[in-house]
Amino acid sequence: MTQKPLVIQIKPQDNVAVAVHDLDAGVEVAPGVLTREPIPQAHKIALRPIAAGGEIVRYGEVLGYAKAEIAPGSWINEHMLTLPESPSLKDMPYGTHIVPLEELPLPTRTTWRGYRNAVGPAGTRNLLGIVTTVQCAAGVLKVAVERIRRELLPKYPNVDGVVAVTHPYGCGVAINAPMAKIPIRAIRNLIRHPNFGGEIMVVGLGCEKLTYDRVLEPEEITPENVLTLQDWKGHDAMMQAILDMANKKLQKLNRRRREELPLSELLIGMQCGGSDAFSGITANPSAGYAADMLVRGGATVLFSEVTEVRDGVPMLAARCVDAATRDRLAEEMQWYDDYLDAGGVDRDANPTPGNKKGGLANILEKAIGSIAKSGTSPIVEVLSPAEKPTKHGLIYAATPASDIVCGPSQLANCIGLQVFMTGRGTPYGLDVAPVIKVCSRNELKEHWFDLIDISAGDVATGDATIADVGRQIFDFILDVASGDKQPYSDRYGFHNDLCIFNPAPIT
């Protein structure tokens, strides 16, 4: 019987390994190396002597420098490392690690069943989306949506639901500030999300700064598409106007049907949150394998989170297909460097207490593991926050790393589905598009058996390969996108508020 691994060493040059389970003191984890103290699950153990100032190496990368001498078998935690400088963004080599399309893993399926749109990717759901121009209208819209669900939706069995897209933007903001283009672009694109089937329904208050002309084309600003609350006399008239408009939209959406579509009509996002030291070993590489299968089949896959790739940006530049893509990558990284600097922090403000409890020592270690969810495909395009893709394949879409901001940003990139990797656990979800949860440890799946969709923990224990779990994720993506299966977040209606990224001033 094969003995289960006690620790995982990623590359031969690594001088640390990660504990597969909690380890007592005195356990031999490598020939002649005994744990000097209890080691928590997912935390690092020194495999060799490390001098003060010496490199601490994991993934074949220098995570930091030892603040003091470290003996073999010692527990290495976040307090024992000095963070290296950020990699330079100047003249990064590009195109030096391009994996040809034919060398990516073959998809097990090449079609799925979705809702074809006149423009852009197909929808994974058939939803009535109602978007506000300002937070002031959010309360009214939430009440109206409950009435729509109760009174109208039963008449339209082919419509999956109604979504109120509310947000904290629209007024009390510097609407003409240069960076206001980011939240405005996000709202414009959310109005046109592929899961809304091209039906525009926008509710405004009437005195806000975010006027209809900033988010709609002139020909779209019609009584069929926009409704201004201040135009209506009293509660009942206001509510009836919203219900009447929604009823007309629902009649059109009810005529939509799923159809067999190529993978080129599918756009998905990859995100991770509540990461641990297993995330870069199990969940993220498995999702990356699924991403490679999707790309080979013609789909488009986005990955994001600037601070969670910044320290591995040379690795991404090596996968950029040309100098222009590399330059766009550097521009987005530099913009965020400047953004953090203006706030008086650096990229190491990112790791959370949960990340550190899960064995991640600093942002560099988190970033190397985070990048794994992008797989190995060439990067064909780099997007600014909330931009729509113009190409098929693997795309880097710049967003903050905050789960609650990255999600809406990717929705504004027009993803129809998101795959979310976690090591610590989170009930996060989106109502505009389904979210599939993949965890890094079997212990988390056992604890949250009815919240986590797929566990990649068998990769750590040696009971499955990255390819095994990657194929499982790929199949589940297509099943959920086709409406054949439902992730737990949708089953329970665990849907977070949409926090639009707004780096512009609030007045």
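Quick caveat: nothing in here was measured; it's all calculated off a predicted structure.

A. Quick look at the sheet that holds strand S18 (residues 379–383). Strand order in the open sheet formed by seven strands is S18-S19-S17-S16-S20-S21-S22, and the pairing between neighbours is parallel. Each of the sheet's edge strands pairs with one partner strand only, and the pair in question is S18 and strand S22 (454–455).

B. Representation of the environment of Lys 67 within the structure. Relative to the elements of secondary structure, Lys 67 occurs in the loop between strand S7 (61–66) and strand S8 (75–76). By relative accessible area, Lys 67 is classed as exposed at 52%. Put simply, Lys 67 and Lys 373 are 306 residues apart on the chain and 31 Å apart in space, counted from C-alpha to C-alpha. The residues contacting Lys 67, other than those within four sequence positions of it, are Ala 52, His 79, Met 80, Leu 81 and Thr 82.

C. Expanded view of the pattern of salt bridges. The final tally for this structure, using the stated rule, is 24 salt bridges. One salt bridge in this structure joins Glu 365 and Arg 58, with 2.6 Å as the shortest N-O distance. With Glu 365 in helix H8 (residues 363–371) and Arg 58 in strand S6 (residues 55–58), the pair connects residues that are 307 residues apart, well separated along the chain. Overall, Glu 365 belongs to the buried group, its relative accessible area being 1%. The salt bridge partner of Arg 310 is Asp 337, with a shortest N-O separation of 3.0 Å. Highlighted residues: Arg 310 in the loop between strand S17 (300–303) and helix H5 (313–317) and Asp 337 in helix H6 (residues 323–342), separated in sequence by 27 residues. Accessibility expressed as a relative area gives 25% for Asp 337, which makes it partly exposed. One network of salt bridges, with partners in common, ties together Arg 109, Asp 475, Asp 479 and Lys 485.

D. Representation of the nonpolar core in the model. Ranked by size, the top nonpolar core spans 59 residues in total, and within it Tyr 396 and Ile 477 carry the most contacts. Counting residues per element, this core draws most heavily on helix H12 (residues 466–481), at eight residues. Not counting the four nearest positions on each side in its chain, Tyr 396 is found in contact with Phe 303, Ser 304, Glu 305, Val 306, Val 309, Leu 329, Met 333, Ile 379, Glu 381, Val 382 and Leu 383. Ile 175, Ile 191, Leu 210 and Cys 414 belong to the second largest nonpolar core, which has 43 residues in total.

E. Broad picture of unusual backbone geometry. In this model, Ala 42 sits at a positive phi of 80°, which is unusual for a non-glycine residue. Of note, Ala 42 is situated in the loop between strand S4 (33–34) and strand S5 (44–46). Taking the relative accessible area as the measure of exposure, Ala 42 reaches 2% and is therefore buried.

F. Representation of the sheet that holds S6 within the structure. Spatial strand order, S6-S7-S9: three strands in an open sheet with antiparallel pairing. The strands lining the two open edges of the sheet, one partner per strand, are S6 and strand S9 (81–82). When S6 meets S7, the two strands line up antiparallel, connected through four bridges. Considered in S7, the bridge of Arg 58 is made with Glu 61.

How each quantity is defined
Residues numbered from 1 in each chain as written. Predicted model: local features only at pLDDT ≥ 70, side-chain atom pairs only at ≥ 80, totals over all residues. Heavy atoms only, no water. Pairing = 2+ DSSP bridges. Helix = DSSP H or I, 4+ residues; strand = E, 2+ residues; numbered from the N terminus. Buried < 20%, exposed > 50% of the residue type's maximum accessible area, 1.4 Å probe, protein only. Contact = heavy atoms within 4.5 Å. Salt bridge = Lys/Arg side-chain N within 4 Å of Asp/Glu carboxyl O. Core = buried A, V, L, I, M, F, W, Y, C linked by side-chain atoms within 4.5 Å.

Without other data, these values stay purely geometric and don't point to any function.
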